[in-house]
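# A structural walkthrough
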Amino acid sequence: MIDWMTVLSLSALIAYAAATLAFVWFASLARPLSKFVAYGLLFAAVTFHVATVAFGLIFGTSTLGALPDTALSISLLFALIFSGLCWRFNLAGLGFILAPLAALGLTSQWMSPAHEFHTTPLVDTVWLGMHIAVAVLGDALLLLLGLMAFAFLLQDRFLRQKKMGGLFAKLPPLTELDRLALLLLITTFVFSTAGMLTGSVLAYQYWGQEWYTDPRQILSISLWFGISLLLYGRLLAGFRGRRAAWCTLAVACVSLCGLTLLPTISSTKHQGGYVAH
Amino acid sequence: MLHTEIDVNTALVLTSEDGAEHGEQSDAKTFASSVNIDTLNMVGLSFRHAPIEIRERLAFDAQSLPQVLTSLVNTPHIGEAVLVNTCNRVELYVQGKSSETLQFIESIFARQWHAANESSAPANTSKDELPWLAEALVKRQGIDALKHLMTVASSLDSQIVGEPQVLGQVKDAYLSACAAGSAGALMHYAFQQALKVAKRVRTNTAIAEHAVTLGFAAKELADRIFGPTKKLHAIVLGTGDMAESCVKHLLKKGHTLSVVSRSKTRAEAFSKVLDAEALSLEHLAAALPKADLVIASTTTAKPILTEAHLKAAMKKRRHSPTLYIDLGVPRNIEPLSQAIEGAYLYNVDDLHGIVRQNTKHREHEADIARQIIDEEIVSLSSKIEEQRATKLIVELKMRAEHLVSQELKKAKILLAQHGELNEIALHHMLLSLSNKLLHQPIIQMKNLAQKGPAASQELELAAQLFGLNK
């Protein structure tokens, strides 16, 4: 019997790989045609990615909230938001970084060891669905924010070194990256706040008073403080440029590491979203 | 009023407001069947062969262009005409086969030269009166003329390779000829092919990317920092030619500009030219925090803008990015300033470095563009040869049919006289037909044979044509 989930995932992976090559072609040779080819391939990849996630959810092969499936969803949202932003901003120069990252998220389903996750009646509610949706969206936005900060640092470096940047010559303009980063920071703050609040209520109900001692909760709160500080600095204290970009990148990296490594290095009850037995 | 659009096959379709179509609409094959590319001639000169003093005298003004084109096609030597008149070239593309056509065009250029020099041009002015002009004029014929037109439209024969204006200028020249009624099937074919190739070059190469002049390099930097759409406020320090040239490239609609100079009078005069605000040097420090872009190009022994100036300005701007372009030698802005957060400082050597990198890049792209043109020319040449072969086959068939009908007439007369055709008469008739068919090839082969070994290739070809020596 054909494993459709694997077929769809592999198709998405191939399309992401082809899109990466097309974006490299665009970035290195700046052929006008290459941009359309790259966007076309990215669109195909995102379509297969959507189909993979939808197939998993409809036919129950994915457990919503399990770490590999969370990574699958985050990478999908990451690619979807990026594709959406491409309509408004000229981000083709970043495509060759984004496409492999989205593909990496896609491969997490094969890289992570298979765990059996069970939902308990308490957490199997609409409230949990909301928590997962906003938290996953917040994580995707934070990763995209990290990508913008990384691109800002690269563009700044090339401008200071007076080099046209070779493969990075087609990066978006510095002020556009800055504006986009602020936009993403505001939306990340909104979704991470919502994710943290919904998650805290759930954790309090399930774990009681001890919820705030869970390493995942501590990490989430720390990250939320980091994001809040960044937003305060950007909006009110004139904190911008390289230092702001480094701080943003640090927050995004901590979030990514926390999401992937925390369940394996600590005894957190929060593993991707569900309690593992 | 004429509108243009490029259709799927990139054949240019011209439609007037009443919907009437000018020129051909179908694809290249249809054109090729109705035109003889050998009759395409180009006569003209460009920056490569003539300095601006000559080019400006030979240029035709836009107002008199329709009249010039109409009078050209009313002469017996020219069937169609298009005049490509840009700052880099004056080229006349005409349809005509006779050798008088080229001489006639040369005489037109001679008359234009005389007219520009305000001397009365005699009616029979010819190239002999301006021998240097006949030498300076470049002539191309047939497929070479078409290749040249493709090279021009693709901006490979421009002073700045890849400059985008030339494609529009070639298109305008073609449209003017269409409006004047001087473009026919040949010009439609030639110009539509050239525009198609130019579009292919634009799409498949990055020839128009990357700045190759100081002004455009500064613009490219500004675009990398601010993007092409942001409305900027610029300060120009100094009133020299370099500053003016740089500002003209950088400033677009919606940008604002302040001109700072030691002399208030010069600042005011300069600001009038650029539609800017004039400031004296004392107001520079106060104006600096508002500027997104600062162009410094003044003669000074010591830097006018120090690190302290820039630090204070950037602090007030909350480190919002600012591009500082220092075109002055000695430098106008202290070099240490480039370490300040948000300040991007470029001096004249930095800009030249960028131009050098980009020139190399464009040269590489120009090579690719030339390959595209060569491919198109090979493809068109083979199509043209196909058309020629088809014509030959048709002619050959018609000739055979004519000979057959001649022999048939004779046979009918014999039949009428004798009531029947015997075997000898039939044999005689067929022999006569084959003799007539082979008469010309045999004569040509005998003539070739007289040339000796030089004709061996042609004889080999004849053997191939008749399927001999297998």
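Before reading on, note that the structure itself is shown above.
## Describing the overall build of chain A
When its secondary structure is counted, chain A shows 8 helices and 0 strands. Helices and strands appear in chain A in the N-to-C order α-α-α-α-α-α-α-α. For chain A, long-range pairs separated by at least 24 residues make up 80% of all intrachain contacts whose partners lie at least 6 apart in sequence.

## Describing the overall build of chain B
For chain B, the count of helices and strands is 16 helices and 13 strands. For chain B, the residues scored as buried account for 34% of the 470 residues in total. Taking as baseline every contact in chain B between residues at least 6 positions apart, the subset at least 24 positions apart corresponds to 64%.

## As for the interface of chain B and chain A
The interface of chain B with chain A comprises 24 residues on the first partner and 17 residues on the second. Listed by contribution, the elements that provide at least two residues to the side of chain B that touches chain A are helix 8 (185–204), helix 9 (214–226), strand 13 (343–347) and helix 14 (348–418) of chain B. The residue makeup of the side of chain B that touches chain A, split by class, is 7 nonpolar, 9 polar and 8 charged.

## A few points about the pairing of strand 9 (residues 256–261) of chain B
Residues and elements named next belong to chain B. Extensive coverage of strand 9 is indicated by the burial of 5 of its 6 residues. Pairing of strand 8 (residues 233–237) with strand 9, which is carried by 5 bridges, proceeds in the parallel orientation. The residue of strand 9 that forms the bridge with His233 is Thr256. Relative to strand 10 (residues 277–280), strand 9 runs parallel, the two sharing 4 bridges. Within the sheet, the bridge partner assigned to Ser258 lies in strand 10 and is Glu277. Handedness of the strand 9-helix 11 (residues 264–274)-strand 10 crossover: right-handed.

## Here's the deal with the sheet that holds strand 9 of chain B
Residue and element names in this part refer to chain B. Pairing is parallel across the open sheet formed by 6 strands, whose spatial order is 10-9-8-11-12-13. Bordering the open sheet on either side are strand 10 and strand 13, each of which pairs with just one other strand. This sheet shows a mean twist of 20 degrees between the axes of neighbouring strands, independent of strand direction.

## Notes on helix 4 (residues 99–116) of chain B
Between its terminal C-alpha atoms helix 4 of chain B stretches 27 Å, which fits the 26 Å expected from 18 residues at 1.5 Å a residue. Residues B:Thr101, B:Leu102, B:Phe104, B:Ile105, B:Glu106, B:Ser107, B:Ile108, B:Phe109 and B:Ala110 constitute the buried set of helix 4 of chain B.

## Focus: the environment of B:Ile207
All names here are of chain B. Structurally, Ile207 is set in the loop between helix 8 and helix 9. Owing to 24 C-beta atoms within 10 Å, Ile207 belongs among the buried residues under this scheme. Each C-alpha atom of the pair Ile207 and Ile368 lies 9.0 Å from the other, and the pair is 161 residues apart in sequence. Those residues in contact with Ile207 that lie beyond four places of it in its chain are Ser155, Val161, Gly162, Val201, Arg362, Glu365, Ala366 and Ala369.

## Brief notes about the environment of A:Thr198
Residue and element names in this part refer to chain A. Summarising the element assignment, Thr198 is placed in helix 6 (residues 174–207). Separated by 70 residues in the primary sequence, Thr198 and Leu128 place their C-alpha atoms 7.7 Å from one another. When residues no more than four places from it in sequence are discounted, the contact partners of Thr198 are Trp127, Met130, His131 and Val134.

## A short note on the sheet that holds strand 6 (residues 89–95) of chain B
All names here are of chain B. A sheet is described by the order of its strands in space; here 4 strands give the open sequence 5-6-4-7, paired in antiparallel fashion. At either margin of the open sheet sits one strand with a lone partner, and together these are strand 5 (80–85) and strand 7 (138–141). Direction aside, neighbouring strands of the sheet carry axes that sit 15 degrees apart on average. Here strand 4 (residues 40–46) runs beside strand 6; their pairing, made up of 7 bridges, is antiparallel. Across the sheet, Ser46 pairs through a bridge with Arg89, a residue of strand 6. Sitting on the sheet, helix 6 (residues 143–153) touches strand 4, strand 5, strand 6 and strand 7, and the angle it makes with strand 4 is about 45 degrees.

## Quick look at the nonpolar core
Judged by nonpolar contacts, the single largest core of 176 residues is most densely connected at A:Met148, B:Val82, B:Tyr93, B:Ala153 and B:Ile295. With 18 residues, the single largest contributor to this core is helix 5 (residues 126–161) of chain A. In this structure, B:Ile295 is in contact with B:Ala234, B:Val236, B:Leu237, B:Ala243, B:Cys246, B:Val247, B:Ile325 and B:Leu327, ignoring residues within four places of it in sequence.

## Regarding the packing of helix 6 of chain A against helix 7 (residues 215–236) of chain A
The axes of two packed helices give the description: the angle between them and the distance between them. Residues and elements named next belong to chain A. At a minimum axis separation of 10 Å, helix 6 and helix 7 run at an interaxial angle of 150 degrees. By the angle between their axes, helix 6 is roughly antiparallel relative to helix 7. Of the two possible hands of crossing, helix 6 and helix 7 adopt the one that is left-handed. Residues Leu182, Leu185, Ile186, Thr188, Phe189, Ser192, Thr193, Met196, Gly199 and Ala203 of helix 6 touch helix 7, and the partners they reach there are Gln217, Ser220, Ile221, Leu223, Trp224, Ile227, Ser228, Leu230, Leu231 and Arg234. Considering only residue class, the contact of helix 6 with helix 7 consists of 12 nonpolar, 7 polar and 1 charged.

Definitions and cut-offs
- Residues numbered from 1 in each chain as written.
- Chains lettered and ligands numbered in written order.
- Predicted model: local features only at pLDDT ≥ 70, side-chain atom pairs only at ≥ 80, totals over all residues.
- Helix = DSSP H or I, 4+ residues; strand = E, 2+ residues; numbered from the N terminus.
- Contact = placed C-beta atoms within 7 Å.
- Buried ≥ 20, exposed ≤ 12 C-beta atoms within 10 Å, placed from the backbone.
- Nonpolar A, V, L, I, M, F, W, Y, C, P; charged D, E, K, R; others polar.
- Pairing = 2+ DSSP bridges.
- Right-handed = clockwise from strand over helix to strand, strands pointing away.
- Axes fitted to C-alpha atoms, helices over the stretch in contact; angles between N-to-C directions.
- Expected span 1.5 Å × (residues − 1).
- Core = buried A, V, L, I, M, F, W, Y, C linked by C-beta atoms within 7 Å.
- Parallel < 35°, antiparallel > 145°, perpendicular 65-115°, else oblique.
- Left-handed = near helix turned anticlockwise from the far one by under 90°.

Purely geometric stuff here, so don't read any function into it on its own.
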